[in-house]
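Chain residues, written in single-letter form:
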Amino acid sequence: MTSTIDGSEIGARLRAGDLGAAPLALNVLESSAPADRERSAALQRALSPAALGHEADGHLIGITGPPGAGKSSLLSELVAAWRRRERTVAVLAVDPSSKRTGGALLGDRARISFDPRDEGVLIRSTAAAGRLGGLAPATREAALALAAAFDVVVVETVGVGQSETDVAELADTVAVVVQPGSGDTLQFLKSGIMEVPDVLVVTKADLGDIALRARRDLSAALRSIGGRRTRVLAVSALPPASGIDELVEALDEHRARVDLPARRLRSRRAAALAEFGAEHGERGLRALGGARAAQRLLDAADPGADAPTLVRLLERQAAIA
Amino acid sequence: MSHRLPDRDEPWIMRTYAGHSTAAKSNELYRSNLSKGQTGLSIAFDLPTQTGYDPDDELAHGEVGKVGVPVAHRGDMIALLDGIPLDRMNTSMTINATAAWLLALYVVAAEEQGVPQEALSGTTQNDIIKEFLARGTYAFPPEPSMRLIADMIAYAVEHVPKWNPVNICSYHLQEAGATPVQEIAYAMSNAIAVLDAARRRVPAELVPAVFGRISFFVNAGVRFIEEHAKLRAMSILWEELGRERYGVEDPKALRFRYGVQVNSLGLTESQPENNVQRIVLEALAVTLGRDARARALQLPAWNEALGLPRPWDQQWSLRIQQVLAYETDLLEYPDVFEGSKVMDGLVAELLDGARAEMAAVAEHGGAVAGVDYMKAALVDSHRERLRRIESGEQVVVGLNRFAESEPSPLLEGPGGGILTVDPRVEVEQRAAIERWRAERDSAAAEAALAELARVARAPEENIMPATIAAARAGVTTGEWSRALRAAFGEFRAPTGVGEAAAALAGNDELAALRDEVERVSEALGRRVKILVGKPGLDGHSNGAEQIAVRARDAGMDVVYEGIRLTPAQIAASALQEGVHVVGLSILSGSHRELIPAVMAELARRDVDVPVVVGGIIPDADVELLRAAGVAAVYTPKDFDLTRIMRDVVALVAQWHGAGTPA
Ligand code: B12
Ligand SMILES: Nc1nc2c(ncn2[C@@H]2O[C@H](COP(=O)(O)OP(=O)(O)OP(=O)(O)O)[C@@H](O)[C@H]2O)c(=O)[nH]1
Ligand SMILES: [Mg+2]
């Protein structure tokens, strides 16, 4: 942990597919210590599209939904299904615990089973900085970096209604997960509060009729708002699990048709803006002429630039650094 | 009614919960206990047997013969019961996930003695919901687990009519921190779930018989007046449930029958001799009032919090029962609380509370669906219990008050006053099971397993006949369980910690600790992150849960994945999560094997973080753990959790070069 390997070397190891470098990479990316900020920037630079020559190959998937919907249990099955297909998987589980004491009980990991001898799976838990649906400070950077090494990178967040936008900005494919009998999601969809997800998953199909009904209602709601391409699937994570292979296919299908460079660009820019905001707050944003102006600046920047480079660009503009 | 009984009552059944090392050794122990006036058997199985692994399974490493007797096949059961007349013995088996299997072995061992199953009497604990909530020796997911229970009930009412196929347990709930109200409410909700499942499996006319065969296993704490009231409340609720929900009318079937192990959670490591007084008072709670007197009683020993009891320690506890039953006038009177305003008031209070809590469980979908809810509630209650002890609101003599003491002569002598199991036992048992497999008729065993696998996948069939056939055919405990795991899948119970209520407001000490956690986190660049791990088959989760919750309340990020992890799993999690410190909790007595194994797995992955250990660690073993690289060891006498956390943060700061407090 006190390792001093420099950032570009960690980046190079990830690029070369050395998954063993991932935990260290995350330690560095999550750290706010001044020395680690340098290393973190170098690491991200080494994995930027400019350095790679293309967008990182990994499939960035957002799994989001209300508390207790069954996201982690579903992930446990998905991880196994991906491993059967010989895909490597990283899971970044973001816990929404309230931050009254600053500390958090990171509970998702307990639900995701893995074989400790299998180096093709990495699970990392982090605490969101308080907001429901929010990401932990380094989730974006972490997901983008790991996408250069793992075949699949999943981010689990808690989200209800509008709050899943953060993960939507980050992921190539967003799966919204709901459990049967939760009318909220239906209402949010119908009223347009919630963006149309790429894939909609109804969990706990083992509960029978109530799950079937939920699936039917959600499909109807999606049709009524024009979300025809969104697949609605029913799954169960309870043994014997069901619907998992179909979900893997639906996620693959979406990935095949998504405009990857556009999504990734959006993700890096969102990461830069969030990082800038976290670092310099409202004052920093005002110095740029507000959030919209900042967004315009980012839109005009080099599409291959990594997030730290974009942050520095904003800082220069705001005459901070 | 006269204030005297015409005839003195018969005493309750007196048992000692025992078993260790091997079937043959445990048989010797049982015979010696019976010769001392014990009147029933209570078998403690080792953790591999309870969770369905053979002695040579990777997961059994360090656990074979430790906290109970290993029973891997028919041969072991026959040896265990050798010379004990099963037609006259009343045997209680603390067995749950693998209860169907152990009952089958018992039936087959009886056959061998020429005793038909109809003549057997005793109890299989067989209560899975409390395993999910408190005890941790589950193996299969909830639904197939409930099916196994229902199968056993259906089989027993017809073929083993004097057997109690299920013992609904509230004992373990109190040991996990339950209040009296929670203990009553969760046990009754659990009974409802079991009876509802059984009702689907037996003809309607047998439902009263089924109801009459359900017995309870209850706890009694040191607040013995209230505890007695609890038992009276339970018998009222039980009768009500029988009449109203299950249409039972026979007064005999409606009677609340229960056995007891008295509270052990409150027994201390500090000044352990005081535990004797506690045990006596707790025994009174379940014997004093005739209307709610226990049918069977087993008492823990004075050295409960130190380690496993030796025969002499258990003898002392048996003598407590005998003094109570044979020397005092306890058994000469009708119910001494009849007409007591205090008792009636307490009972009414508990009934109100319990009914409300039962309604809450029902709202969560009943006891099976409500496991998450009940588990979180228990973790919360336990947190409150510890807060009261730490603050001194709840006095524990010799621990948080009157702590000064002369050195105890009881702890002198070799072994420090506890029983230790020879590690060679495991090696021998591994060899023995290989021999067993080599010598049996393997075609017969294969065929029996195939039939078992088929029945497991046919939920409308009863698992018992195929299980008994497998027992006869020489199948092993691990094989039986593996066949069922393949059919049913596996399961991990909830930890309850995430849902435990928001952080304690806390006191000045906790506030100061939070400041220090902030300072160290700032210096490290990341919030202090701790992994709380439970290696091995150990199901004692209380300590780990409370440590995890307190670490969170102190401001740390906490990864706690629950019980029953391998050393490799713990080390992999520590690496992947990038934690600053690993805390291991172990109470199963397997620390000599498992802690060094975790250290080795961490080293193999180059995880360079401090490791602290807590649990039942005899003084004699502390050096061994330190030599393996453990930075600090905590035991029950270290009751101040905030203080423990302060040590941990200081250790993190020192290890990772984050300086010392200003
Ligand atoms: C409560 C209890 C139970 C409960 C557990 C409920 C639960 N969910 O935890 C129940 C009733 C289920 C139970 C069952 C069994 N038990 Co039990 N149980 C106890 C008991 C009475 C108290 C333990 C406890 O919870 N204390 C309260 C907590 C808060 O204290 P603690 O864990 O010690 O933690 C403190 C410190 O140790 C330290 N600490 C602990 N962990 C950690 C971790 C870190 C990181 C740090 C820093 C500190 C730390 O900090 C805490 C604060 O003081 C002890 C005896 C005793 N009085 O200690 C026996 C005891 C542990 N049980 C024992 C046995 C044998 C069993 C069984 C295996 C019996 C059997 N054959 O079936 C079963 C099976 C359990 C299983 N699946 O493994 C033995 C173990 C023998 C040994 N080690 O040699 C004991 C010692 C009793 C005895 N003398 O025989 N048990
Ligand atoms: N019946 C049934 N229960 C499930 C299923 N999946 C999850 N559960 C249960 O639902 C509860 C929540 O499951 P999790 O997987 O932790 O849900 P989550 O959405 O990750 O929860 P948070 O991360 O806390 O928001 C647990 O009690 C699970 O056992 C399923 O397919 N069927
Ligand atoms: Mg989750």
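Residues numbered from 1 in each chain as written. Chains lettered and ligands numbered in written order. Predicted model: local features only at pLDDT ≥ 70, side-chain atom pairs only at ≥ 80, totals over all residues. Heavy atoms only, no water.

(A) Spotlight on the overall build of chain A. What chain A contains, in helices and strands, is 13 helices and 8 strands. Relative to a compact globule of 321 residues, whose C-alpha radius of gyration would be 20 Å, chain A shows 19 Å and is just as compact. With respect to the principal axes defined by its C-alpha atoms, chain A has extents near 60 × 45 × 40 Å. For chain A, the residues scored as buried account for 56% of the 321 residues in total. Expressed as a percentage of contacts within chain A between residues at least 6 apart in sequence, the contacts between residues at least 24 apart total 74%. (Helix = DSSP H or I, 4+ residues; strand = E, 2+ residues; numbered from the N terminus. Rg over C-alpha atoms; globule rule 2.2 N^0.38 Å. Buried < 20%, exposed > 50% of the residue type's maximum accessible area, 1.4 Å probe, protein only. Contact = heavy atoms within 4.5 Å.)

(B) Structural detail: the overall build of chain B. Assigned secondary structure in chain B consists of 26 helices and 15 strands. Relative to the globule expectation of 26 Å for 662 residues, the C-alpha radius of gyration of chain B, 25 Å, shows essentially globular dimensions. Principal-axis analysis of the C-alpha atoms places the extent of chain B at approximately 75 × 65 × 55 Å. Considering chain B as a whole, with its 662 residues, one finds that 63% of them fall into the buried category. Summed over its atoms, the accessible surface of chain B is roughly 24,500 Å², and 53% of this surface lies on carbon and sulfur atoms. (Areas by Shrake-Rupley, 256 points an atom, 1.4 Å probe, with all protein chains shown as cover.)

(C) Local environment of the pairing of strand β8 (residues 215-218) of chain B. Residue and element names in this part refer to chain B. Residues of β8 alternate between two faces, with Ser215 and Phe217 on one and Phe216 and Val218 on the opposite face, all of them buried. Sheet topology note: the strand β7 (residues 167-169)/β8 ladder contains 3 bridges and is parallel. Paired with Ile168 across the strands is Phe216, a residue of β8. Bridge count between β8 and strand β9 (residues 258-261): 3 bridges; the pairing is parallel. The residue of β9 that forms the bridge with Phe217 is Gly259. (Pairing = 2+ DSSP bridges.)

(D) Quick peek at the domain arrangement of chain A. Residues and elements named next belong to chain A. In terms of domain boundaries, chain A breaks down into domain 1 (1-53), domain 2 (59-258) and domain 3 (259-321). The C-alpha-based centres of domain 1 and domain 3 are spaced at 21 Å. Contacts between domain 1 and domain 3 engage 7 residues on the former and 7 residues on the latter. Counting each side, the surface lost to burial between domain 1 and domain 3 is near 520 Å², with a carbon and sulfur contribution of 55%. Ranking the residues of domain 1 by area buried against domain 3 places Gln44, Arg45 and Pro49 at the top, with a combined share of 59%. At the boundary of domain 1 and domain 3, one finds 1 salt bridge. The residue Glu275 makes a salt bridge to Arg37 at a minimum N-O spacing of 3.9 Å. (Domains from an automatic or database assignment. Buried area = accessible area lost by both parts, 1.4 Å probe. Salt bridge = Lys/Arg side-chain N within 4 Å of Asp/Glu carboxyl O.)

(E) Structural detail: the coordination of the cobalt atom of ligand 1. The protein supplies the cobalt atom of ligand 1 with one donor atom, His540 of chain B (NE2), which lies at 2.1 Å. As for its placement among the helices and strands, His540 of chain B is situated in the loop between β11 (529-533) and α22 (542-553). (Donors = N, O, S within 2.8 Å, 3.2 Å for Na, K, Ca; no water.)

(F) Looking closely at the sheet that holds strand β6 (residues 163-164) of chain B. Residue and element names in this part refer to chain B. The parallel open sheet is built from 5 strands, whose spatial order is β2-β3-β4-β5-β6. The sheet is open, and its two borders are formed by β2 (17-18) and β6, each paired with just one other strand. Here strand β4 (residues 90-94) runs beside strand β5 (residues 121-124); their pairing, made up of 4 bridges, is parallel. By the bridge assignment for β5, Thr91 is matched with Gly122. The strands touched by helix α1 (residues 23-35) within the sheet are β2 and β3 (41-44), with β3 carrying the most contacts at an inclination of about 150 degrees. (Axes fitted to C-alpha atoms, helices over the stretch in contact; angles between N-to-C directions.)

(G) Summary view of the site of ligand 2. Around ligand 2 lies a shell of 18 residues, among which Ser73, Asp108, Asp206 and Ala237 of chain A together with Asp372 of chain B are the nearest. Within the contact set of ligand 2, an oxygen atom lies 2.7 Å away from a side-chain nitrogen or oxygen of Lys71 of chain A. The side chain of Lys204 of chain A places a nitrogen or oxygen atom 2.8 Å from an oxygen atom of ligand 2. About the coverage of ligand 2: the protein hides 81% of its 650 Å² of free accessible area. Only α5 (71-84) and β5 (152-158) of chain A provide two or more residues apiece to the shell around ligand 2. Here the shell around ligand 2 takes 3 residues from α5 of chain A, the largest share from any one element. Classifying every residue of the shell around ligand 2 gives 6 nonpolar, 5 polar and 7 charged. (Near = heavy atom within 4 Å. Polar contact = N/O pair within 3.5 Å; in protein donor to acceptor, adjacent residues only side chain to side chain. Nonpolar A, V, L, I, M, F, W, Y, C, P; charged D, E, K, R; others polar.)

(H) A look at the coordination of the magnesium ion (ligand 3). All names here are of chain A. Protein coordination at the magnesium ion (ligand 3): the donors are Ser72 (OG), Asp108 (OD) and Glu156 (OE), at 2.1 to 2.2 Å from the metal. Sequence positions of the residues that donate to the magnesium ion (ligand 3) give the spacing S-x35-D-x47-E. With Asp108 in the loop between β3 (104-106) and β4 (121-127) and Glu156 in strand β5, this residue pair connects regions lying 48 residues apart in the sequence.

(I) View of the pattern of salt bridges. Evaluation of the coordinates by the stated rule reveals 63 salt bridges over all chains. Between Arg526 of chain B and Glu30 of chain A there is a salt bridge; the shortest N-O distance is 3.6 Å. Pair noted here: Arg526 of chain B is in the loop between α21 (508-524) and β11 and Glu30 of chain A is in helix α2 (residues 22-30), and the two residues belong to different chains. Owing to a relative accessible area of 8%, Arg526 of chain B belongs among the buried residues under this scheme. The partner of Asp299 of chain A in a salt bridge is Arg269 of chain A, with the nearest N and O atoms 3.7 Å apart. With Asp299 of chain A in helix α12 (residues 291-299) and Arg269 of chain A in helix α11 (residues 260-288), the pair connects residues that are 30 residues apart, well separated along the chain. In this structure, a network of salt bridges that share partners links the residues Asp54, Asp56, Arg437, Arg440 and Glu479 of chain B.

(J) How the structure looks around the interface of chain B and chain A. Contact with chain B, which involves 46 residues of that partner, is made by 29 residues of chain A. Of the roughly 2,900 Å² buried between chain B and chain A on both sides combined, carbon and sulfur atoms contribute 53%. Where chain B meets chain A, there are 4 salt bridges. At the junction of chain B and chain A, the tally comes to 17 residue pairs in polar contact (both at pLDDT 80 or more). Listing elements by their share of the side of chain B that touches chain A, those giving two or more residues are α21, α22, β12 (557-560) and α23 (567-577) of chain B.

(K) Looking closely at the packing of helix α1 (residues 7-15) of chain A against helix α3 (residues 34-46) of chain A. All names here are of chain A. Taken N-terminus to C-terminus, the directions of α1 and α3 make an angle of 35 degrees; their axes are 7 Å apart at the nearest point. In this structure, the crossing between α1 and α3 has a hand that is right-handed. The residues of α3 that touch α1, namely those facing Gly7, Ser8, Ile10, Gly11 and Arg15, are Arg39, Ala42, Leu43 and Ala46. Per-class residue counts for the contact of α1 with α3 are 4 nonpolar, 3 polar and 2 charged. (Left-handed = near helix turned anticlockwise from the far one by under 90°.)

(L) Here's a closer look at a nonpolar patch on the surface. Taken together, the side chains of Val395, Val397 and Phe402 of chain B make up a nonpolar region of the molecular surface, amounting to roughly 240 Å² of accessible area. Assignment of secondary structure puts Phe402 of chain B in the loop between α16 (371-391) and α17 (424-439). (Patch = residues over 30% accessible without salt bridge, like charges linked within 9 Å, V, L, I, M, F, W, Y side chains within 5 Å.)

(M) The domain arrangement of chain B, seen in detail. Residue and element names in this part refer to chain B. Partitioning chain B into domains gives domain 1 (13-393) and domain 2 (508-655). The straight-line distance from the C-alpha centre of domain 1 to that of domain 2 is 32 Å. Contacts between the two partners involve 30 residues from domain 1, matched on the other side by 29 residues from domain 2. In total, domain 1 and domain 2 occlude about 2,300 Å² of area from one another, counting both sides; carbon and sulfur atoms represent 50% of this. Among the residues of domain 1 in contact with domain 2, Glu269, Arg383 and Glu390 are the three that bury the most area, contributing 26% of the side total. Where domain 1 packs against domain 2, one counts 4 salt bridges.

(N) Quick peek at the nonpolar core. Met77, Phe216, Trp238 and Leu484 of chain B are the most contacted members of the largest nonpolar core, which totals 182 residues. Lining this core are residues from two domains, each supplying at least three of them: domain 1 (13-393) and domain 2 (508-655) of chain B. Setting aside chain neighbours within four positions, we find Leu484 of chain B in contact with Phe140, Leu148, Leu452, Ala456, Ile463 and Gly489 of chain B. Within the second largest apolar cluster, 34 residues are counted, among which are Leu26, Leu135, Ala136 and Leu170 of chain A. (Core = buried A, V, L, I, M, F, W, Y, C linked by side-chain atoms within 4.5 Å.)

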